[in-house]
Amino acid sequence: MPADLDLLSSTDRPALLGLSSAEFLAACRKALEGLGYKVHHAASHAEFLSRFSQIQYQVAMVEDVFDAPSALENRALTALQGMPMSQRRHAVSFLLGRSFQTLNPMQAFQQSVHAVVNAADLDKLPQIVQKVTADHDLFYNIFRDSQNRLAQAK
């Protein structure tokens, strides 16, 4: 199925969703659009990975059982976890599921994502996204500044 033609400008804030649950999809789309993100939804692992490799997404959200019967068979998550940091550093990655404790740093570390979110906390998703992206931006601020200085030969 061809992807919809969706042009991005330099001021857009793109977000990629890899979600199978209609409940997760509706809540995430509403939260991200409310925060000013331009949301793309991938229907399969192949589409998710293709889009992620072509566009520098600021946020990537994946459901633990996205397009798979179990979390162990989630090829999009497995590929995202195995990517070199240079490829996934630009995106803040969220893993959603019913077995996680929201914002548990050890679970996030174990899953190689920035944050985990439990389904019971979908109503707090805008605040969670703002907190995690702000933490990410603060953490990478010096790195990005150094990259910009090197690019400008200063």
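Our structure is the block above this text.
Please read these numbers as outputs of a predicted model, since none were measured by experiment. (Residues numbered from 1 in each chain as written. Predicted model: local features only at pLDDT ≥ 70, side-chain atom pairs only at ≥ 80, totals over all residues. Heavy atoms only, no water.)

S.K.: How do you make sense of unusual backbone geometry when you look at a structure like this?
M.R.: A negative phi holds for most residues other than glycine; trans holds for most peptide bonds. One non-glycine residue with positive phi stands out, namely Asp67, at about 50°. Relative to the helices and strands, Asp67 resides in the loop between strand E3 (59-63) and helix H3 (75-82). Since its relative accessible area comes to 39%, Asp67 is described here as partly exposed. With a phi close to 60°, Leu103 is a non-glycine residue in the positive phi region. Its place among the elements puts Leu103 in the loop between strand E4 (92-97) and helix H5 (105-111). (Helix = DSSP H or I, 4+ residues; strand = E, 2+ residues; numbered from the N terminus. Buried < 20%, exposed > 50% of the residue type's maximum accessible area, 1.4 Å probe, protein only.)

S.K.: Looking at this structure, how should I read the environment of Ala27?
M.R.: For Ala27, the position within the fold is in helix H1 (residues 22-34). Ignoring sequence-local partners within four residues, the contact set of Ala27 consists of Leu122 and Leu125. (Contact = heavy atoms within 4.5 Å.)

S.K.: How should I be thinking about H1 in this particular structure?
M.R.: An α-helix turns once per 3.6 residues; consequently, residues spaced three or four apart project the same way. Under the 1.5 Å per step criterion, the end-to-end length of H1 is 18 Å for 13 residues, consistent within 8% with the ideal 18 Å. Among the residues of H1, Phe24, Ala27, Cys28, Ala31 and Leu32 are the ones counted as buried. Projection of H1 onto a plane perpendicular to its axis shows the buried side chains occupying an angular sector of 120°, all on one side. Pointing more than 90 degrees away from the buried face of H1 are the exposed residues Ala22, Lys30 and Gly34. Contacts made by the buried residues of H1 are with strand E1 (14-18), strand E2 (38-41), E3, E4 and helix H6 (125-151). A distance of 3.3 Å separates the backbone nitrogen of Glu23 from a side-chain oxygen at the start of H1, and that oxygen is part of Ser21. (Expected span 1.5 Å × (residues − 1). Arc of directions from axis to C-beta. Polar contact = N/O pair within 3.5 Å; in protein donor to acceptor, adjacent residues only side chain to side chain.)

S.K.: Could you clarify how one ought to interpret the side chain of Asn104 in this entry?
M.R.: Its location among the elements puts Asn104 in the loop between E4 and H5. Only 3.0 Å separates the side chain of Asn104 from the side chain of Gln101, close enough to count as a polar contact.

Treat this as a map of the structure, not an account of what it does.
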